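# Structure at a glance
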Amino acid sequence: MHRKHKHDILVVLSLAGFGVSIYLAVAKALGLAIPCSIIKGCEEVLQSKYANLFGIPLAVWGVIYFTGVIIFSLLANHYQIWRKYLTWLLALGALAAAIFLGLQFFVIKKICQYCLVTDILAIALLLLDINIEHGKIENGN
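Residues numbered from 1 in each chain as written. Predicted model: local features only at pLDDT ≥ 70, side-chain atom pairs only at ≥ 80, totals over all residues. Heavy atoms only, no water.

## A look at the overall build of the protein chain
Across its full length, the protein chain holds 6 helices and 2 strands. Along its sequence from the N terminus, the protein chain presents helices and strands in the succession α-α-β-β-α-α-α-α. With respect to the three principal axes, the spread of C-alpha positions in the protein chain is 45 × 30 × 30 Å. Every one of the 141 residues in the protein chain was classed for burial, and the buried ones make up 40%. (Helix = DSSP H or I, 4+ residues; strand = E, 2+ residues; numbered from the N terminus. Buried < 20%, exposed > 50% of the residue type's maximum accessible area, 1.4 Å probe, protein only.)

Here it is, written out as structure tokens:
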């Protein structure tokens, strides 16, 4: 992989998270029911008291987060300082994702398949970034 484009995988994965987050945010804004075809529990999770942060739906925060990751990743391809900002943003996102997963599994005791996808993506993005910055990709192996 060309060194100037090593963060592009983060962009691609973030586009998936952005898409899911936009879907959930628009559905919430329009008052649409979210079909949960794989795992039952989406409605309970999305309507729980934990579904908003500072009065803003978590899906909207997801749109903001994944947009930030896309922008920071593109900048990190070309500017060293943005690599640090990107890592901090991804660490914050992974921490939030771990908290949201804990809430789903242990507090709400229901799982939202869409939330699960975005949470797993947030954690995977951090792990990939760590690998890019400190792993084999950086060393050219």
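## Some thoughts on unusual backbone geometry
One non-glycine residue with positive phi stands out, namely Phe54, at about 60°. Secondary-structure assignment places Phe54 in the loop between strand E1 (52–53) and strand E2 (56–57). Residues other than glycine seldom take positive phi values, yet Lys109 does so here, at roughly 60°. Along the chain, the position of Lys109 falls in the loop between helix H4 (80–108) and helix H5 (113–134).

## Focus on the nonpolar core
The biggest cluster of nonpolar side chains holds 15 residues, and the ones touching the most others in it are Leu10, Tyr65, Phe66, Val69, Leu86, Leu90 and Leu125. For this core, the secondary-structure elements that each account for two or more residues are helix H3 (58–76), H4 and H5. In contact with Leu90, other than residues within four places in its own chain, are Leu10, Tyr65, Val69, Ala122, Leu125, Leu126 and Asp129. One finds Ile34, Cys42, Leu46 and Cys112 within the second-largest nonpolar core, a separate group that totals 14 residues. (Core = buried A, V, L, I, M, F, W, Y, C linked by side-chain atoms within 4.5 Å. Contact = heavy atoms within 4.5 Å.)

## Considerations on the state of the cysteines
Within the structure shown, the criterion is met by 1 disulfide. What pairs with Cys36 in a disulfide is Cys42, and their sulfur atoms sit 2.0 Å apart. As the torsion about the S-S bond is roughly 55°, the Cys36-Cys42 disulfide counts as right-handed. For the pair shown, Cys36 and Cys42 are each scored as buried. (Disulfide = S-S within 2.5 Å.)

## Here we look at the packing of aromatic side chains
A complete count under the given rule lists 5 aromatic pairs for this structure. On the numbers, 5.5 Å between centres and 50° between planes, the contact of Tyr23 with Tyr114 is tilted. Here Tyr23 is found in helix H1 (residues 8–30), whereas its partner Tyr114 is found in helix H5, with 91 residues between them in sequence. Owing to a relative accessible area of 36%, Tyr23 belongs among the partly exposed residues under this scheme. Overall, the relative accessible area of 18% leaves Tyr114 in the buried class. Ring geometry for Phe72 against Trp82: centres 4.9 Å apart, planes inclined by 75°, an arrangement best described as edge-to-face. Of this pair, Phe72 sits in helix H3 while Trp82 sits in helix H4; the two residues are 10 residues apart in sequence, bridging distant segments of the chain. (Phe/Tyr/Trp six-rings, centres within 6.5 Å; stacked < 30°, edge-to-face > 60°.)

## What to know about the side chain of Thr118
Tracing the chain through its elements places Thr118 in helix H5. A polar contact is formed between the side chain of Thr118 and the backbone oxygen of Cys115, at a distance of 2.9 Å. If near-sequence neighbours (up to four positions away) are discounted, Thr118 is found in contact with Gly17, Val20, Ser21 and Phe66. (Polar contact = N/O pair within 3.5 Å; in protein donor to acceptor, adjacent residues only side chain to side chain.)

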